[in-house]
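Residue-level structure breakdown
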Amino acid sequence: MDHLLDDLETKEIDVTSISSSKRHRQKLPYKVGVAPKQNLFEEITSTVKETFFADDPLRHFKDQPKSRKLVLGIQAVFPILEWARDYNLTKFKGDLVAGLTIASLCIPQDIGYSKLANLAPQYGLYSSFVPPLVYAFMGSSRDIAIGPVAVVSLLLGTLLQNEIDAAKHPVEYTRLAFTATFFAGITQFTLGFFRLGFLIDFLSHAAIVGFMAGAAITIALQQLKGFLGIKNFTKKTDIVSVMRSVFSSAHHGWNWQTILIGASFLAFLLVAKYIGKKNKKLFWVPAIAPLISVVLSTFFVYITHAEKDGVAIVRHIDKGINPSSVHKIYFSGDYLLKGFRIGVVAGMIALTEAVAIGRTFASMKDYQIDGNKEMVALGTMNIVGSMTSCYVATGSFSRSAVNYMAGCHTAVSNIVMSCVVLLTLELITPLFKYTPNAILSSIIISAVIGLIDVESAVLLWKIDKFDFVACMGAFFGVVFDSVEIGLLIAVCISFAKILLQVTRPRIALLGKLPRTSVYRNIQQYPEATKVPGILIVRVDSAIYFSNSNYVRERILRWLADEEEQKKESYIQKIQYLIVDMSPVTDIDTSGIHALEELYRSLQKREVELALANPGQTVIDKLQASKFHNLIGEDKIFLTVQDAVLTLNPKSVVEEAC
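Quick caveat: nothing in here was measured; it's all calculated off a predicted structure. (Residues numbered from 1 in each chain as written. Predicted model: local features only at pLDDT ≥ 70, side-chain atom pairs only at ≥ 80, totals over all residues. Heavy atoms only, no water.)

The next point concerns helix α5 (residues 89-116). Compared with the 40 Å implied by 1.5 Å per residue over 28 residues, the 39 Å span of α5 between its first and last C-alpha is a close match. In this structure asparagine 88 caps α5, since a side-chain oxygen of it lies 3.2 Å from the backbone nitrogen of threonine 90. Trailing α5 by a residue or two, asparagine 118 shows a phi angle of about 60°, which is positive. (Helix = DSSP H or I, 4+ residues; strand = E, 2+ residues; numbered from the N terminus. Expected span 1.5 Å × (residues − 1). Polar contact = N/O pair within 3.5 Å; in protein donor to acceptor, adjacent residues only side chain to side chain.)

Have a look at this one:
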């Protein structure tokens, strides 16, 4: 009985669809809408607004008195003035604990990272004093922890070393580092001020995963010098040169006391990291472990005088706060352009890392950050930093994660960290004299292990093989050549993917889903049936000069294939070609020219062309080019179903029957 009822309902639906189809043939309910024509100024204004001001940053200023607009303007530049009004003791307690925790982590890391950049240890501490203070006033992220990071330190050190030998010309090298930092800040500030932050998105996630993993391997290999106590070590960063240098000095260059210290504390640091990972409440264990390692190893070397047995130590860190370095920046001469080039590269990488970290933690706490404001804040802090003896600083993922887990509420945690670094510079730096280099190497190795994201690489392989190739290209470029080559490969592969997707867009052959008016890709929906006498295709991309010929040729090739199949099976010849334009967001003159050529080619084959659902931008350009007159306005439809009902209504009735 139920089956009979279902059959009756199905027949009733089919009869209804047939009758509606007949009514539809008499008069289509809708035509493709055409928006009122904009003048040139309105069109340019709309495009600029959508490109650079999509988030409408001035919306808060609307309908506000001048005094209020001034206050909002100042708060936009210095967000601290906005959230400071609601600041209380409870928030300060969380920020104090978080600030002290990340300070215990940053001090030993800063000393190690400065060595990656081939700079004296104090410059790492300087870079965790001034930049975090500037960011606390201008940044919008509540969780990001500012300071030197491993990847940027290595990148900066490699690029600077290619220009000046740090060992032979330390003064010129340091001056070039400040110059590069200045231009890194200028680059970041410019991108944010002119709202060009979307440019950093051209470095794909896959390329970043590979680049970071490769940089982590390279950084770890560079630490073998301090970890094994090798004095004569290669200045190259590729894995072949490093391993050759390591094994060639195995018989006479390794120091067993240094290896013992390094291996013991590396094991301690890895165990601490494991404990923190297993139990989130014990996040403070891996955070404080580096400082404990420094204190214990320094005390051990001091009481045993292990430096006399060949254990390399820090020896000296300048005491006092950051001295001015404005006069050390190259504003003229040959090093100006070199500093600019290095600064742009380092600034972009630092920016990519900081914005990604900021967005990650903002999403976890459900608040918004303005990427362009972040760039202005990061740029300003590096400009100020370059004038106060700092090198490129950015957001550190490891420190930001600790900051987040320690319960920070605002950027005051950065201020607390800066105050601790200030006290360290003023009072404690002489105590680092006997700190062994091996412990700094162990701290860096344990820190960069987290940059190797195997899970993401596996996921890339499962989701998108091209993304995996981009990841591996960047990885092997860094590991087997250099950081800059790996970065270049990452950028090139990212652009190659964009070009491939633009020049070879997906074009789908559509069929009708049974008992519906929906047309979908027949590869995705095998049950979808082709409409007799009609070929329906969908272009899943904008049609530009770069892909217009491919789109035309692919459609004609599909038509030829269909006609050949029809001849072999004696099925009705193709009479109409319907192009579903729903996904086509834009079209240029080359695209319109390709459609005109397609129309003429179809005319020779006695096939009529029809378009379905072109968007506002597309229909405006088609009308401006008089293309609608060429094919006829009656051949432009709101939906594919409208086109099929109008061009070949018999097919719909036959299917319903």
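Here the focus is the pairing of strand β6 (residues 576-580). By the criterion of burial, β6 is predominantly enclosed, with 5 of the 5 residues buried. Direction of pairing for strand β5 (residues 534-539) relative to β6: parallel, over a ladder of 5 bridges. Following the sheet pairing, leucine 535 is matched in β6 by leucine 577. Remark: the β6/helix α24 (residues 589-604)/strand β7 (residues 608-612) crossover connection has right-handed handedness. (Buried < 20%, exposed > 50% of the residue type's maximum accessible area, 1.4 Å probe, protein only. Pairing = 2+ DSSP bridges. Right-handed = clockwise from strand over helix to strand, strands pointing away.)

If you trace the 6 strands from one edge of the open sheet to the other, you get β4-β3-β5-β6-β7-β8, paired in mixed fashion. Of all strands in the sheet, those bounded by a partner on one side alone are β4 (519-521) and β8 (636-637). Bridge count for β7 against β8 is 2 bridges, and the pairing is parallel. By the bridge assignment for β8, leucine 611 is matched with isoleucine 636. Those strands touched by helix α27 (residues 640-647) are β3 (507-512), β4, β5, β6, β7 and β8, and its axis lies near 165° from that of β6. (Contact = heavy atoms within 4.5 Å. Axes fitted to C-alpha atoms, helices over the stretch in contact; angles between N-to-C directions.)

This next bit is on the side chain of serine 245. Relative to the helices and strands, serine 245 resides in helix α12 (residues 239-248). Judged by relative accessible area, serine 245 falls into the buried class, the value being 10%. Not counting residues within four places of it along the chain, the set of residues in contact with serine 245 comprises Asn232, Phe233 and Thr234.

Don't take any of this as a statement about function, it's just geometry.
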